[in-house]
Amino acid sequence: VWFFFQNFVPSFGKETVRTTAVTPQFEQNMDYVDFIHLNILEKKVLNSSEVSVQYLCSKPCIVNLEAVASSELRTGVPVYRRRWKDEKNLYISRTRQVHLKFPSIMVYRDDYIIRNSIIVHSVILYAWISHKSVSSYDVEQNEDYQNAVAKNYTFLEAVPPFERPFKDHKVCLQWGADYLWMLQANRIPQCPHESDGVQILNFIYASSGEKTGIVKKFEQFENRELETVRQHQIDYPMFTVSIWLYLLHHCEKDLCGILYFIDPKEMYSTPAVFLNEEGYVHIQMHLMRGGDLAVKTSFSLPLKQWFRLDLSFKGGQVEVSSVGKNLKRHHHQSFTFREDFYYDDTAGYFVVGGSGYVNGIEAFFGPVKYYRLNVLETEQISNPLHDKETVEQIELYYERCMDIQEIVYEYRYIVRQGEKVQRNCYCESYYLELIHKYGEKSKCDAFMWGKELREKYHTLFKLLQEMDFSAPDVLEDGSDTVLEVGQRIFEKVAKSLSSADGLSNMGSSVPFLVDSSCCGYHKASYFLAVIFETGLGVSVDHTKGLLYSLVGAQGNERLAVMNLGYKHYQGINNYPVDLELSYAYYSNIATKTSLDQHTIKGEQAFVETIRLMDDELLKAQTKENGDVFMWLKHEASRGNAAAQQRLAQMLFWGQQGVAKNPEAAIEWYAKGAIETEDPVLIYDYAIVLFKGQGVKKNTKLALELMKKAAAKGLPQAVNGLGWYYHNFKKDYRKAAEHWLIAEELGNPDASYNLGVLYLDGIHPGVPGRNQTVAARYFYKAAQGGHIEGTLRCSLYYITGNMEDFPRDPEKAVIWAKHIAEKNGYLGHVIRKALNAYLELSWHEALLHYVLAAETGIEVSQSNLAHICEERPDLARKYLATDCVWRYYNFSVSQVNAPSFAYLKMGDFYYYGYQNQSKDLELSIRMYAQAALEGDSQGFFNLALVMEEGNSIPSYILDHLEIDQALHSSNTSLLQELYYRCWNNSNEESISPCSLALLYFYMRVFWNNILQSTLIYFMGTFLLSILVAFAVQYFQSLSARNSPGTRSEPSSDEPSSSGNSNEDATRLVQPDESTFSNDLAQQDSNLQNPLVMS
């Protein structure tokens, strides 16, 4: 089938070209063409296999059949051959049944006779036709596969050695020989089988239509035979892709990504499959001679039902099929391009959904299967919908939500129409205005809906009757009204759950949350996901938990997206570990984090690392009427620059419990800039004037202030001048000069901006784009804590398309997760939880800490475990999961886990915790990890474990960098542990480590001097009494001197001096989280908005 293509042009990364469908023209009077087909019922390497060979010869021919096998040692070994001639049956399709027979070592298990059966990686069955030569018989005839007039092949699946049958040799062994063989019969190792069929996606993926998606990269086959076939097919590709979809909407604008391939030059390659605004499938291919061509299907994809989209590619042909849940084909269309495609699936990466170049579709992706070397018919594709329960739950959810949205829209329409009629019936008067303003609001008592529907949605109707639809914030647009109703329902439920005994109302609140979710307000969806996952006031239901997590993530609720990213990162609650899927979710929120920080509106707060066991930090929390805030305000009024900086920062970002108030913050920035001449305040005020954040734009004054701050040597101000020349003057030479100076001063924003110049190809004196140099600058910016730089590097790690960034999906996830956890909407939930805790509102604190902890942020997980320890009665009553064990476990699985969490889990494993069994080795590992974090208690606990007669595994000692050759004896090892314990403790006061080390030295000394056993024991007894008196004396001395307890250091302490910590006084917020060993150390602040994205 040949097509005429319109509007085909090369596509370069960021956009593609659509074409219109045309009518196929069928060829007439097709000549007979030689062909050969293979059909095998059971595609396994068995001696009972039969292959049906269907062929047609236009001339006298020779039919060849050959099986080629590959093992771990050899490849391309012929193991079966068969040929026959056909000189008479010309132009007639013939079928011949051939019985395959393979060597015994390939198809049978080892036994006494077959001693070395081989592990077969793959078997390819080739079939081809060669025309018989009509020349002299003396001429040698070429019958090889490459010169065949027709050829085909298929893969046979190798059977692992332990799954093969034993061969009946028709002989009897002696009893002794048979017994000796049985002793070693099951010692053959199994090796993994390599196949061309790859499962790109196994689990349901919620695609919200954003510019993020799943990135997959394929390597060359390890099997040489498969790799040879793949390379031969680069200029004549043969592959199949099968995708399950539940489509919610067609593309809003232009094209939305379904599945496409990006080459090393970041250009679209073969294949690129998109969805357009009408719901048609747009397919773009890269041709062998260069250039791209695109077609679109004549059928559109259905909405709100599960279907499978199958695409097969062969040479220059494309077959597209739409298949329903019952596996019956709904639509089918074929396309033939003017030339073959170019396709190398190892030179680049696949994307499922969105990317930086195109938005994704609004849909749920089901399983995605990719056959790298085979063209399969619909019936041959093996890609089932595994999780049928969740699939059905998604269908039922959207069916119910359609009813709810229709009821809300119609109810609101009836009430509004009634109000209009009522206003038209009365003459205007002041009295009637007062009635309308303060009287009872209009509601609809005469339902037009049937009794069955009213009973089914009785909670919704009850809520609708209580609502005021005359409020000005309810817009005329029906969809906005539905969302507004969902928000009102949610706010009412959230207020109820946050009351003094709110969690006891959870069971009755769930139906209202379901209605709110159906109205499109997906904060309710995330509430429901957490409620059912953790059993918060209800029974645990993992299916519903998954459903509402997916629904919330598809609706772009930030916490729901992070929840799924975390679950797939750690493999929690039977979610499969899938780093590429986790990255798709985390990168979505990481991208939004930067945008959210520049939006001063919304329920956002700075994400602060405040631990509930840190009394000093808790005392520093304040409110607008708190002592700390009032003292800062007093000092700021007196002209204290540091106080002005801190006060403005707290108000601008909503830190330390202070509500966000950008307008008040800007007043303090302006006051400080004018009165104190402080460079940081001058710079911050210049920024808000440049961007018009909470104040009218004033570029002239902003530039003067920026130059003034730069003249005082402030690195970020020098960077700001570069930003001004880049954005306002388009003077890239001056911009680069300023950025180079700022970069030398250690400003990460400048590093990022220089990278952008190289990436865009506008760096002065450097011709063209240089992605390699740009990536190096982005990495340097990421090391300084720059958000966009970190995002760029995470993208390089997931795609593997940059030479300095080898593909590392785990590192990509960690970097994206780190940025996502700075999101202000998450910070708002954490702040609500902390405020509730400080006010002793236990139900509200528990609720919001659970919501935050389930997103995967460590500080909330350890804080929640602390609350459950502090109030075990509350945890037992309202949480179905073991709160303490679950969340301390989650905490120690993080890259930034605190040392006290390791100590807690170490104690749980050492002593046993409730129904959890003891595990000495895990306990030692936890103590060792705490020790590596610099906690003296970790070394102390390891020493105590040894004192009780246990040994420490050698790999843990290596991890602690303790030389086992120098510390071969227990005494030497104990001395080293106690010394490190003392060295990591507070040396200025008496600590348990110093006393333990002293006691250890005295025991060793006593043991060396007094050899008599009796004297040894008596002396030890007396020595213990002396040590006890010494401890009591020092404790009383410490109590009189009030030395204070040592608390865990934190980066959240406010700076009291602008000169001691310049970053603490920037306009943007400090960042408490730090990377682990896998990440570069991050700057303690979020970056200023002077970044060109």
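What you see is a predicted model, and the numbers here were worked out from it, not measured in a lab. By convention here, each chain's residues receive numbers from 1 onward along its written sequence. With pLDDT at 70 or above as the cut-off, local features in this predicted model cover only qualifying residues; side-chain atom pairs require 80 or more to be listed or tallied, and sums for whole chains, interfaces and linings still use all residues. Water and hydrogen atoms play no part in the side-chain values, which are based on all heavy atoms of the structure.

1. Some remarks on the packing of helix H9 (residues 506-518) against helix H10 (residues 523-534)
Think of two packed helices as two axes; the pair is described by the angle between the axes and how far apart they sit. Lines fitted to C-alpha atoms define the axes here, with helix axes fitted over just the stretch in contact, and angles between the N-to-C directions of these axes take values from 0 to 180 degrees. Secondary structure elements are defined from DSSP: runs of H or I of at least 4 residues count as helices, runs of E of at least 2 residues count as strands, and each element is numbered from the N terminus. Orientation of H9 relative to H10, taken along the N-to-C sense of each, is 140°, at an axis distance of 8 Å. Between H9 and H10, the interaxial angle falls into the category oblique. Taken as a pair, H9 and H10 cross one another with a handedness that is left-handed. Every residue of H10 that contacts H9 at Met506, Val510, Leu513, Val514, Ser516 and Ser517 is listed here: Ala524, Ser525, Phe527, Leu528, Ile531 and Phe532. By definition in this entry, angles of less than 35 degrees are roughly parallel, angles greater than 145 are roughly antiparallel, angles of 65 to 115 are roughly perpendicular, and the rest are oblique. Crossings are sorted by hand: turned counterclockwise from the far helix by less than a right angle, the near helix makes the crossing left-handed, and turned clockwise it makes it right-handed. We call two residues contacting when some pair of their heavy atoms lies within 4.5 Å.

2. Comments concerning the side chain of Ser517
Tracing the backbone through its elements, the reader meets Ser517 in helix H9. What qualifies as a polar contact is a pair of N or O atoms within 3.5 Å, subject to a donor-acceptor requirement within protein and to the restriction that residues adjacent in sequence count only when both atoms come from side chains. At 2.7 Å, the side chain of Ser517 and the side chain of Ser525 are in polar contact. Non-local contacts of Ser517, meaning those with residues more than four positions away in its chain, are made with Tyr397, His522, Ala524, Ser525, Leu528, Tyr548 and Val551.

3. Digging into the sheet that holds strand S6 (residues 120-131)
Backbone-to-backbone hydrogen bonds join strands into a sheet, with any given pair of strands oriented parallel or antiparallel. The four strands are arranged S4-S3-S6-S7 in an open sheet whose pairing can be described as antiparallel. Of all strands in the sheet, those bounded by a partner on one side alone are strand S4 (77-86) and strand S7 (150-156). The sheet shows a mean angle of 15° between the axes of neighbouring strands, direction not considered. In this scheme, strands are said to pair when DSSP sees at least two bridges between them. Relative to S7, S6 runs antiparallel, the two being bridged by seven bridges. Among the inter-strand pairings, Ala127 is bridged to a residue of S7, identified as Asn152.

4. Comments concerning the state of the cysteines
Pairs of cysteine sulfur atoms within 2.5 Å are identified as disulfides in what follows. Summed over the entire model, instances satisfying the criterion amount to five disulfides. With a sulfur-sulfur separation of 2.0 Å, Cys57 is cross-linked through a disulfide to Cys61. What sets the handedness of the Cys57 and Cys61 disulfide is the S-S torsion sign, and at about 75° it is right-handed. In this model, Cys868 is linked to Cys883 through a disulfide, with the two sulfur atoms separated by 1.8 Å. Residues Cys868 and Cys883 are joined by a disulfide whose S-S torsion is about 70°; by sign, that bridge is right-handed. Within this pair, whereas Cys868 is found in helix H28 (residues 858-870), its partner Cys883 is found in helix H30 (residues 883-892), the two being separated by 15 residues in sequence. Relative accessibility thresholds used throughout: buried, under 20% of the residue-type maximum; exposed, over 50%; partly exposed, between the two (1.4 Å probe, protein chains only). Among the residues examined, Cys868 registers a relative accessible area of 3% and is labelled buried. Disulfide connectivity for the chain, with bonded cysteines indexed by sequence position, reads 1-2, 3-4, 5-6, 7-8, 9-10. For the unlinked cysteine Cys519, the closest cysteine sulfur is that of Cys518, found at 7.1 Å. Taking relative accessible area as the criterion, Cys519 reaches 4% and is therefore assigned buried.

5. A closer look at the nonpolar core
Ranked by size, the top nonpolar core spans 253 residues in total, and within it Ile258, Phe364 and Leu846 carry the most contacts. Examining the composition of this core, we find that ten residues originate from one element, helix H4 (residues 388-425), more than from any other. For Ile258, the contacting residues outside a window of four places in its chain are Ile243, Leu245, Val273, Phe274, Leu275, Leu301, Val351, Val352, Gly353, Ile361 and Phe365. Core analysis: the second largest hydrophobic core is formed by 31 residues, Leu38, Ile40, Val107 and Ala158 among them. Only buried Ala, Val, Leu, Ile, Met, Phe, Trp, Tyr and Cys residues count toward a nonpolar core, and they belong to the same one when joined by side-chain atoms within 4.5 Å.

6. A look at the confidence of the model for the chain
Confidence per residue, as judged by the predictor, is encoded in pLDDT with a range of 0 to 100. In this model, the chain carries an average pLDDT of 81, and 77% of its residues clear a pLDDT of 70 or more. Residue range residues 1-30 is modelled with pLDDT below 50. Its contacts to residues more than four positions away, or to other chains, number 69 contacts. The model gives residues 1041-1093 a pLDDT under 50, and that stretch makes 160 contacts with residues more than four places away or in other chains.

7. Re the environment of Tyr979
Counting through the fold element by element, Tyr979 comes out in helix H35 (residues 970-983). Put simply, Tyr979 and Phe939 are 40 residues apart on the chain and 8.8 Å apart in space, counted from C-alpha to C-alpha.

8. A closer look at the packing of aromatic side chains
Paired rings are identified among Phe, Tyr and Trp, the last through its six-membered ring, by centres lying within 6.5 Å, and are further divided according to the angle between planes into stacked (under 30 degrees), edge-to-face (over 60) and tilted (the rest). According to the stated counting rule, one finds 51 aromatic pairs in the structure shown. With a centroid separation of 5.4 Å and an interplanar angle of 65°, the aromatic rings of Tyr268 and Phe274 are classed as edge-to-face. Among the aromatic residues, those joined into a cluster by ring pairs are Phe218, Phe239, Phe261, Phe313, Tyr343, Phe350 and Tyr370. The criterion for a charge sitting over a ring is simple: Lys NZ or Arg CZ within 6 Å of the ring centre, and within 35 degrees of the ring normal. Taking the ring centre of Trp84 as reference, the NZ or CZ of Arg96 above it sits at 4.5 Å. Here the basic side chain of Arg372 rests over the ring of Phe221, its NZ or CZ set 4.3 Å away from the ring centre.

9. Brief notes about the pattern of salt bridges
When a carboxyl oxygen of Asp or Glu lies within 4 Å of a side-chain nitrogen of Lys or Arg, that pair is called a salt bridge. Under the definition given, this model contains 26 salt bridges. For the salt bridge of Arg230 with Glu227, the shortest nitrogen-to-oxygen distance reads 2.7 Å. Highlighted residues: Arg230 and Glu227, both in helix H3 (residues 224-232), separated by three residues, approximately one helical turn. Across the pair, exposure class does not vary: Arg230 and Glu227 are buried alike. Members of the salt-bridge network, linked through shared partners, are Glu227, Arg230, Asp344, Asp345 and Arg372.

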